[in-house]
Amino acid sequence: MNLLNIKISLLFQLVLTSSAEELGTTTSTSDTNLDKNLQEITFDLGYGPESFDVYVQPNITSFSLGEHEVAKDMDFKGHAVKFFNMSPKSIFLFWSGNGAEVIMGEIKPFDASGTASFPGHKFFVADDSYAAGGSEKGILKRFYVDDDDDKGFKTNYYYDPITVEGNPKLTQENMMKLSFIHLEKYNIMVRNQKFNLEYEKATGREYLSMFPRDKPKYFIWPADYFGQEHWVTTKETHFKTIPSGKDKVKEIKTRGSKRILKDDEKRLMSDYRTEDPYLNITLKVMSCVPRVYEIDNFLSDAEVDHIIDIAKAANLKESTTGNDSEASGFLKKTKTRTSFNTWVKRETDEIIDAIYRRSADLLKIDEAFLRYRSIDEFDVLDTRGSIAEDLQLVHYSEAQEYTAHHDFGYSAAGVKAQGARFATLLFYLNKVEEGGQTEFPRWVNGETSESLAAEPRKGKAVLFYSQLPDGNMDDLSQHAALPVLQGEKYLINLW
């Protein structure tokens, strides 16, 4: 038995002895959160029979309660593209067009990166010599985004220098050069590529996550039909005035379990809140695919004014964009996003803390997951830190915008805890005189080819999910902040 066969044999044993959860055959999601449109598929990717629950999108007849039988073709033709680096060396992703080249970022070995794209876009990957200004010899592979009306659009693109089609001898030589760790990661990517074919066959869309991935651990609100409503009751009632004087809001210094508020305890600064013991929140389904909900009066006028004061006192900086290689330092200031922003921590004061707690109730997530958890608290995650980011506070002046994009990112091969934004909560802080809507250009509906637009209103919130019930990323969650035509726009978002 040669070295390559020994490597493959050891790797095969490693996969077979992995837990069922690692192979994606079980889920950590509770039965009460299982979506009724999940369907089990079975397949064999070369490691024996496996099964996986995939989300099969209902048709428009279901969403519209029989009013429409055919979904409209949307005017917007953009979509996500994801590039896989199936090599043991870093490569660099470029977009090319109109005689120019734009570096999108570095893709590390056995990692992936992506961006939003359109039919006709051209990309290529190159080695570090080309990225440093070298010759075209450094270009490794070119990609053309071509949408076929019959087959649909393609989202996943692969750079694989290991497998040489029609040349098993050279393929074997390339695999012999890989270390055991690299061979393991390469086979994970090959397995993911094979699963993508099975997934696409069952669902009609490609797999943007990295197989295997568990179903979401957290609750996803149903969106069975347009206009469907859900109700949430929370003890985190509205602030009607902002504390001042000796009761002035201040930074929260307590951590961990000391932050827990029992059901029979008063909420923080309850004397400055409405007299009602509970706040009733209504979510209304704006779109079923992607899942988008609007929530009126989520914030009170006093809370909004307080956040605006924080914004005006903060050092707002020009917003940046990046594909999921932001961690590699490729943050870009472009015409894609022209707003200004800053970040607000949950511990800023009691009002911001109350907004986090109210958001947790809305999402049906324990508030402890949105902060640091001490050792004496329950935990089911690999980290004791918050699963959410700090609040992003954004300001748009006239003509400023954020073109269509996705909030999710991508993970490398072999990463069990795949990081990605699961859901986004947008909070509008003012009524924009004209423009500034949050646009969902790819919503599935039977009435119009135009985008769905959420109007910014003071105190209103919009919730949408970037993940499907089977753990895949939702390409249709692509959204944009339309240009402000008159006035200005303030908002905060919680990822």
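The rules behind each value
Residues numbered from 1 in each chain as written. Predicted model: local features only at pLDDT ≥ 70, side-chain atom pairs only at ≥ 80, totals over all residues. Heavy atoms only, no water. Helix = DSSP H or I, 4+ residues; strand = E, 2+ residues; numbered from the N terminus. Buried < 20%, exposed > 50% of the residue type's maximum accessible area, 1.4 Å probe, protein only. Contact = heavy atoms within 4.5 Å. Areas by Shrake-Rupley, 256 points an atom, 1.4 Å probe, with all protein chains shown as cover. Polar contact = N/O pair within 3.5 Å; in protein donor to acceptor, adjacent residues only side chain to side chain. Expected span 1.5 Å × (residues − 1). Phe/Tyr/Trp six-rings, centres within 6.5 Å; stacked < 30°, edge-to-face > 60°. Lys NZ or Arg CZ within 6 Å of the ring centre and 35° of its normal.

Caption draft 1: Structural detail: the overall build of the chain. If you tally the helices and strands in the chain, you get seven helices and 24 strands. Looking at the 495 residues of the chain, the share that counts as buried comes to 52%. In the chain, the share of contacts with a sequence separation of at least 24, taken over all contacts with a separation of at least 6, comes to 74%. Accessible surface computed for the chain: about 23,500 Å², of which carbon and sulfur atoms make up 50%.

Caption draft 2: Examining the environment of Tyr-130 more closely. Note that Tyr-130 resides in helix H3 (residues 128–131). Residues Tyr-130 and Leu-140 lie ten residues apart in sequence; the distance between their C-alpha atoms is 9.7 Å. With near-sequence residues (within four places) excluded, Tyr-130 lies in contact with Phe-94, Glu-101, Phe-124, Ser-135, Glu-136, Gly-138 and Ile-139. One polar contact links Tyr-130 to Glu-101, side chain to side chain, over a distance of 2.7 Å.

Caption draft 3: Structural view of unusual backbone geometry. Residue Pro-212 follows Phe-211 across a cis peptide bond; omega there is 0 degrees. As for its placement among the helices and strands, Pro-212 is situated in the loop between helix H5 (180–203) and strand E10 (229–234). Pro-290 follows Val-289 through a cis peptide bond whose omega is -5 degrees. Here Pro-290 lies in the loop between strand E11 (279–287) and strand E12 (292–295). One non-glycine residue, Met-269, lies in positive phi territory at about 55 degrees. One can find Met-269 in the loop between E10 and E11. Phi at Ala-399 is positive, roughly 80 degrees, even though this residue is not glycine. Mapped onto the secondary structure, Ala-399 falls in the loop between strand E15 (391–396) and strand E16 (402–405).

Caption draft 4: Just H5, in detail. For H5, built from 24 residues, the straight-helix expectation of 34 Å at 1.5 Å per residue is met to within 8% by its first-to-last C-alpha distance of 34 Å. Every buried residue of H5 is listed here: Leu-183, Tyr-186, Asn-187, Met-189, Val-190, Arg-191, Asn-192, Phe-195, Asn-196, Tyr-199 and Thr-203. Once H5 finishes, Gly-204 follows within two positions and takes phi at roughly 85 degrees, a positive value.

Caption draft 5: Focus on the packing of aromatic side chains. Under the definition given, this model contains 29 aromatic pairs. Ring plane angle 15 degrees and centroid distance 4.6 Å describe the contact between Phe-84 and Tyr-158, whose orientation is recorded as stacked. Here the residue Phe-84 occupies a position in strand E3 (residues 79–85), and Tyr-158 occupies one in strand E9 (residues 156–159), the gap between them amounting to 74 residues. This pair shows no difference in class: Phe-84 is buried, exactly as Tyr-158 is. Between Tyr-293 and Tyr-465, the ring centres sit 6.0 Å apart and the planes meet at 90 degrees, which makes this aromatic pair edge-to-face. With Tyr-293 in strand E12 and Tyr-465 in strand E21 (residues 461–465), this residue pair connects regions lying 172 residues apart in the sequence. Of the two residues examined, Tyr-293 and Tyr-465, each falls in the buried class. The ring of Tyr-157 carries Lys-154 above its face, with NZ or CZ at 5.5 Å from the centroid.

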